[in-house]
Each structure stands twice: as structure tokens, then as C-alpha cells.
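# Secondary and tertiary structure notes
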Amino acid sequence: MATKASRAAARMMISPSVILLLGWMIIPLSLTIYFSFLRYNLITPTGNPFVGWENYYWFVTDPSFKAAMINTLLLVGGILLITTIGGVIFALLLDLPMFGQGVIRIMVIAPFFVMPTVSALVWKNMFMNPVNGIFGRLATGMGFEPVDFFGQIPLLSIIFIVSWQWLPFATLILFTAMQSLDQEQLEAAEMDGASWRNRFWFIILPHLARAITVVILIETIFLLSIFAEILVTTNGGPGTATTNLTYLIYVSSLLQFDVGMGSAGGVIAIILANIVAIFLMRMIGKNLDA
Amino acid sequence: MGRIQLEQVSKSFGELQVIPPLDLEIEDGEFVVFVGPSGCGKSTLLRLIAGLEDVTSGQVLIDGTDATDIPPAKRGLAMVFQSYALYPHMSVRKNIAFPLRMAGMDEAERDRRVQNAADVLNLTDYLDRKPAQLSGGQRQRVAIGRAIVREPAAFLFDEPLSNLDAALRVGMRIEISELHQRLGTTMIYVTHDQVEAMTMADKIVVLQSGVIEQVGSPLELYRRPQNRFVAGFIGSPKMNFVSGEAAKPYAAESIGVRPEHLQISSAEGAWKGVIGVSEHLGSDTFFHVLETGLAESITIRADGEVALNRGDTVYLTPEPDKIHRFDARGRRIE
Ligand SMILES: Nc1ncnc2c1ncn2[C@@H]1O[C@H](COP(=O)(O)OP(=O)(O)OP(=O)(O)O)[C@@H](O)[C@H]1O
Ligand SMILES: [Mg+2]
């Protein structure tokens, strides 16, 4: 089918969808870039003069930018750490023969189906509220001072909530990988004198390496833009303690009505995301080839 | 040393008894082949010896000591799996060195042993490749290499050649036999191929549904099969069985004659029939003789030069001293 004519026909037939997709991406992107060079504030309608890099300058030098960068890194890193390690542990546990296996497996996946806003609200009001939450009640019941999660450890609390949402995803992918491990390999390692720890380290973990990189890649892409969980729990606070880049952009453009500044932040976020993506692709490309 | 004894060993998976209690002795240095049809429990028996499966009852003794509760790694046995079970992310060198590394051996000694094994198995050029970059035969040799570096008391092979093509299989068969002669270590070898069993074994164990039907040297099994199952399983092409009227003169419920122990003639003989399919191998020809009234078809082996065609009427005569007689329960009558 790879004749010249068929290739030309193929190109012509996929062109509408390619053009549509490209337009879909290019138009908002160019508008964002365009706005980022304008003084464009909805509160002070003084026309929209071209101001060059000014928006970028103010966005980057704002102290909350540095805080947002660090928070973004901590969020993504922390959640990746918890979900991959937790995912491996859950995958190992789910692989064990046990009673009610099918039901347990479905239950483990369940949190993934809960909407981010809903799960964040449930955690905030039913679990982590110092007065009415279960954790607070438990602490008071045992005579301890209840922890005010979103006041004292806000970032950690959000990391915990988002990890809870993403753990099932990591578990699912890793568990599938786990099941494709040849049992004879494990038996051979057992005959070769490998203890359980060595079998995990030398056989299971290398086998899971590929799945782990896939989990990291996909999660990173989504975790760079965590928003709903922050909005419904802490609103980025206290102060800027839980403001990540996405939230900072939201604050500038929709709370301070500064469209130019928000767009500049958006462009920076796009560049950062691409750097991360290239970096990850390299890493994963290496891992997938092997 | 590698003397292995099974005493009243049985195995059940839940309700299903796969291996009823059985006894078996394997002497040090012996090449023992477990042979039997698919699903008869050969692999299970091997895994019981290896310790990968717990016995339901009975004892496994290795060199006279009870090994029933000893974990697989401590039994001093090495196993070669049907799928080879190489570690895909490790090079050939690391694969072979893995058991030594697990035993905490120092690196110099490890390298020396890996090098030795590679020399023996012609793997020197492939040491830095990954298993995926090897052919089936090479992978097989790596799996064997991983087993021999440990200098085990006995080797366990589970159908190691079944994934190889016919020519390679013959070659590896000879290599494994040579390895056995050189090392002099006990080997237990599982196969469902009776040719492998006949050519390699010092002692064959024929299994059916988990029951040992007969234990003996290849020629013993060929000459004096204890029952109809063994008689039919050992030897190729299969032994012909005749029952009813034709067996009466021999005072047996049924008799068996191997294809190579039948004389064929176009003039006269004991049994009359018509040639059906003939298989020409060059040196020999196998004729399937129909319409004898004794069995659906009787196979006979004739010299490659014998010229007979489909539809020809022929007469068959069994060699009188090569007839095997069986009673109503299929057991041999002396
Ligand atoms: N883990 C298990 N659970 C339940 N039944 C099993 C299990 N392993 C094996 N069996 C059963 O035990 C019987 C013997 O199996 P085994 O693998 O030993 O056969 P085999 O002689 O090695 O056959 P093959 O030549 O096909 O490899 C089979 O009927 C099989 O279904
Ligand atoms: Mg088997």
C-alpha cells in the first residue's frame, strides 16, 4: 500500500484532522504569547499598550514565583515518590494469592474514579478537619492535640490527598507489569539462592523499571498542573505555602485580573513543562530501548 | 555426591491427587530420565525434588539426609527450565554468575568459574550479550552454564530441548550426554520424547498419571516392558497389539509385537493383510498393513529396498521369541 499515490491520498485524507488539531493548539498558544507582551489589566482599562518583557520581569521577580516553583517541585516530586513506591508495594501485595482477590483489586482502583474536587473536599471536611474530621476526633479521643492539617502542614496534606488519587493508577500499571513477570524466572532465582530481598532487587525491580518510567512520565504531565485540590482546600495558602505555578497563574489572571501577567506565567509554565518533557523523554527513551 | 531417594512421596493440588505415594531411588552419578505423556506429573515430580513444590506427604532424601523441609537453594541442586528462565536484563556473564553472586563468592573466583563454564559450553564470544540477542540453542547453553557453575550435587532438567528444532535437539542431546560423562554428576531429565529417553538415560522412569509404571535401563524397558503402557510408550514406531482370537494360541489376553520383529512376505505367513500407507525413510520403510482382522492397522518395519505398493496382499510373521504377552489387566506374562 506504500505506493506514491496511496501515500498522497493518505496525506490528503488526514490533513483535515491535522489542521484542526494544529489550529486548536496554535490559536490559543499564539494568543497567550501575544497577551503576554501587553499591559492588559481588566481593572485599569487604559488601552492595551505593548510593553515588551515587562510582564515576564514582574512575574519572575515576584517573591511568590520562587515559592510557587519550589512548591511545584515539592508537589510533583513528593507525589511521584509516594505513588511509585506505594504502587510497587501494592502491586506486590495484590499479586499474592488471597481471599476475595477480585473485589480487593477493584477497591484498590476505586479512588481513581473520584473527581479531584470531590476527593479533596471529602478529605478536607471528613478526615482532616481538626474539629469534625476523623483524624481530629481520633486525636482528641486519645487525648492528643488535633493536628490542623491545612494550617500546620498544608503542602504535605495536599501531597497526601493527590497521592491518594494517583496511587491506584501507579498500582494498576505496576500490577499489570508484575503479572507479566515469568514465574519461572523467580523460581530460577530461588534455586540460584536468591533471598526474597535479592529476588525483588535483581529480578522484580528491573522487570518493573519500564512500567515505573511510564508511571513517572504520565503522572508528571498531570501533576505539573494540579489545581482543583489546591483551590478547594487551601486556596494556595496560608500565604503562598501551597501555591504552585498553575495556581499562581490563576491568581494573577483571574483574581488580580491581570491578563498580561497571567499569560506571561502561562508561557513560562509551557516552557518549563517542555523542558521536563524533553528530559523525561530522554530518560525513558533510554529505558525503553534496553 | 548426589544420591536422591523419594519415600512414599505424594502430591495433591487441593482435592486433586496428581502423584499418589511413590518410592524412587536415584544413585549418585546416574542419568535418570522421567518420561511419560503430557500431564502425567513429570514436572511436578521434578519440582518436588527441587523443593519448588511442597510434598503433600512422604520424604525426599538427598545423600541420606531428609531434605523435605530444606528450601530449594539449600538443597544443592540446579535446575534448567523449559523456558530457560534467563534474566533478560542481565548479560550472559551476569546470568551465569548470578548464583555465585548470591552465594557471596568473591569476584575473581566468580570470573574464573564463569570463564570455565563459557569455555565448556562454547559461550566465550557471547558473554557480553543479553539473552534476547541469542539463538535458542545458545540460550539453552547459558541456562546450563548457570546450572554448572554452582557445582551442584545434581542437575534437574525440565524438557530443556523441547523449544529447539530437530537438528539442534540432536546436537544438544549429545552435548548434555557428554557433559554428564565429564562431570559425572547426577542428572534428572524430564522429557516426553521417548527417543531422548532411550538415547540419554542410564535409567528410565516411565510415568503415567503420576504412577511409576516401570523403572529400568533403556534396553530393559525395550526388551521386557512390564505392561502394555510401557510396551506401547517405549520404541518407535509403536508396538503392535493384537488381542482376542489371534492371542489365544499364545495363552495371553493380548500380545504385542514390535514393527521390527515382524517378517513381511508376499507369499506366505501367519497373518494376511493389504498394504496401506508406506513411509519411506531411505534405510527403512514402514508399511501400515490393513485388513488383517487383528487390529485396525499393523505397522511393520522392512528394509528400504523392499518394493511393495498400496493394495498389495502381504503376509506377516512375528518372530516367535520377540512376542510380548499380556494378561487381562495389561501386565506382562513371562
Ligand atoms: N499448580 C497446580 N495446580 C493444580 N494442578 C496442577 C498444578 N500444577 C500441575 N497441575 C496438574 O498436575 C498434573 C501434572 O502436571 P505436570 O506439569 O507435572 O505434567 P507434566 O508431566 O510435566 O506434563 P508436560 O509434559 O505437559 O509438561 C496435570 O494434570 C496438571 O493439570
Ligand atoms: Mg512439564
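Residues numbered from 1 in each chain as written. Chains lettered and ligands numbered in written order. Predicted model: local features only at pLDDT ≥ 70, side-chain atom pairs only at ≥ 80, totals over all residues. Heavy atoms only, no water.

### Section: a nonpolar patch on the surface
The condition that has to hold: Surface patches are defined over residues having more than 30% relative accessible area and no salt bridge, joining like charges when they lie within 9 Å and nonpolar side chains (Val, Leu, Ile, Met, Phe, Trp, Tyr) when within 5 Å. Only the protein chains shown count as cover for residues, and all accessible areas are computed by the Shrake-Rupley method using a 1.4 Å probe. A pair is scored as a salt bridge if a Lys or Arg side-chain nitrogen falls within 4 Å of a carboxyl oxygen belonging to Asp or Glu. Segments assigned H or I by DSSP are reported as helices when at least four residues long, segments assigned E as strands when at least two residues long, and all are numbered from the N terminus.
Taken together, Leu81, Ile82, Ile85, Ile89, Leu93 and Leu96 of chain A make up a surface patch of nonpolar side chains, about 560 Å² in accessible area. With respect to the element layout, Ile85 of chain A can be found in helix H3 (residues 63-95).

### A few points about the pairing of strand E14 (residues 271-280) of chain B
Remember that side chains alternate between the two faces of the sheet whenever the strand is regular. All names here are of chain B. Put simply, the rule is: Any two strands with at least two DSSP bridges between them are considered paired.
Strand direction decides the pairing type here: E14 and strand E17 (residues 313-318), joined by 4 bridges, are antiparallel. Following the sheet pairing, Gly273 is matched in E17 by Val314. As paired strands, E14 and strand E15 (residues 284-290) are joined by 5 bridges and run antiparallel to one another. Its bridge partner being in E15, Val274 is matched across the sheet by Leu290. Between E14 and the antiparallel strand that follows it, E15, lie 3 residues; Gly282 among them carries a positive phi value of about 100 degrees.

### Concerning the sheet that holds strand E2 (residues 16-26) of chain B
Residues and elements named next belong to chain B. Counted only if it meets this: Any pair of residues with heavy atoms lying within 4.5 Å of one another is described as a contacting pair. The axes are straight lines fitted to the C-alpha atoms, using for helices just the contacting stretch, and the angles between their N-to-C directions are given from 0 to 180°.
Taken in spatial order, the 4 strands make up an open sheet running E2-E1-E4-E5, and their pairing is antiparallel. Strands at the two margins of the open sheet, each flanked by one partner only, are E2 and strand E5 (65-66). With 2 bridges connecting them, strand E4 (residues 57-62) and E5 associate as antiparallel partners. Within E5, the position partnered with Leu61 by the bridge is Asp66. In the packing of helix H1 (residues 42-50) onto the sheet, contacts are made with strand E1 (4-13), E2 and E4, and the angle to E1 comes to roughly 120 degrees.

### Some remarks on the pairing of E4 of chain B
In this structure, E1 of chain B lies alongside E4 of chain B, joined through 5 bridges in antiparallel fashion. Note on E4 of chain B: the bridge partner recorded for Gln5 of chain B is Leu61 of chain B.

### Observations concerning unusual backbone geometry
Residue and element names in this part refer to chain B. Cis geometry marks the peptide bond from Ser236 to Pro237, where omega comes out at -5 degrees. Residue position: Pro237 is located in the loop between helix H8 (228-233) and strand E11 (240-243). The phi angle at Ala251 is positive, at roughly 55 degrees, despite the residue not being glycine. For Glu291, which is not glycine, the phi torsion reads 55 degrees and is therefore positive. Mapped onto the secondary structure, Glu291 falls in the loop between E15 and strand E16 (298-303).

### Section: the site of ligand 1
Residues and elements named next belong to chain B. The following threshold applies: Being near a molecule or strand, for a residue, means having at least one of its heavy atoms within 4 Å of it. In the analysis that follows, any N or O atom pair within 3.5 Å is treated as a polar contact, provided that within protein one partner can donate a hydrogen and the other can accept it, and provided that, for residues neighboring in sequence, both atoms belong to side chains.
The environment of ligand 1 is made up of Phe13, Val18, Ser38, Gly39, Cys40, Gly41, Lys42, Ser43, Thr44, Glu159 and His192. Here an oxygen atom of ligand 1 and a side-chain polar atom of Glu159 are 3.0 Å apart. Out of a free accessible area of 640 Å², ligand 1 has 58% covered by protein chains. Element by element, the count of residues in the shell around ligand 1 is highest for H1, at 3 residues.

### Side note on the domain arrangement of chain B
All names here are of chain B. Put simply, the rule is: The domain boundaries here were taken from an automatic or database domain assignment. Once two parts are brought into contact, the accessible area they lose, counted with a 1.4 Å probe and summed over both, makes up the buried area. In this classification, Asp, Glu, Lys and Arg are treated as charged, Ala, Val, Leu, Ile, Met, Phe, Trp, Tyr, Cys and Pro as nonpolar, and every other residue, Gly included, as polar.
According to the domain assignment, chain B contains domain 1 (4-231) and domain 2 (241-333). Relative placement of domain 1 and domain 2: their C-alpha centres are 38 Å apart. At the junction of the two partners, domain 1 supplies 9 residues and domain 2 supplies 10 residues. Carbon and sulfur atoms make up 51% of the surface buried where domain 1 meets domain 2, a total of about 860 Å² over both sides. On the domain 1 side of the contact with domain 2, Tyr222, Arg228 and Ala231 bury the most area, a combined 63% of that side's loss. Put simply, domain 1 and domain 2 have 0 salt bridges between them. Across the contact surface, domain 1 and domain 2 share 6 residue pairs in polar contact (both at pLDDT 80 or more). Every element with two or more residues in the side of domain 1 that touches domain 2 is listed here: helix H7 (218-223) and H8. In terms of residue count, the dominant contributor to the side of domain 1 that touches domain 2 is H7 (3 residues). Along the lines of polarity and charge, the residues of the side of domain 1 that touches domain 2 split into 4 nonpolar, 2 polar and 3 charged.

### Looking at the sheet that holds strand E6 (residues 77-80) of chain B
Residues and elements named next belong to chain B. Read across the sheet, 6 strands follow the order E6-E7-E8-E3-E9-E10 without closing on themselves; strand pairing throughout is mixed. Each of the sheet's edge strands pairs with one partner strand only, and the pair in question is E6 and strand E10 (211-216). Ignoring which end each strand starts from, the neighbouring axes of this sheet average 15 degrees apart. Note that strand E7 (residues 154-158) and strand E8 (residues 186-191) share 5 bridges and pair parallel. When the sheet's bridge partners are listed, Phe157 is paired in E8 with Tyr189. Across the sheet, helix H4 (residues 136-148) lies against E6 and E7, angled at about 175 degrees from E6, the strand it touches most. Strand contacts of helix H5 (residues 166-183): strand E3 (31-35), E7 and E8, with the helix running at about 160 degrees to E8, the strand carrying the most contacts.

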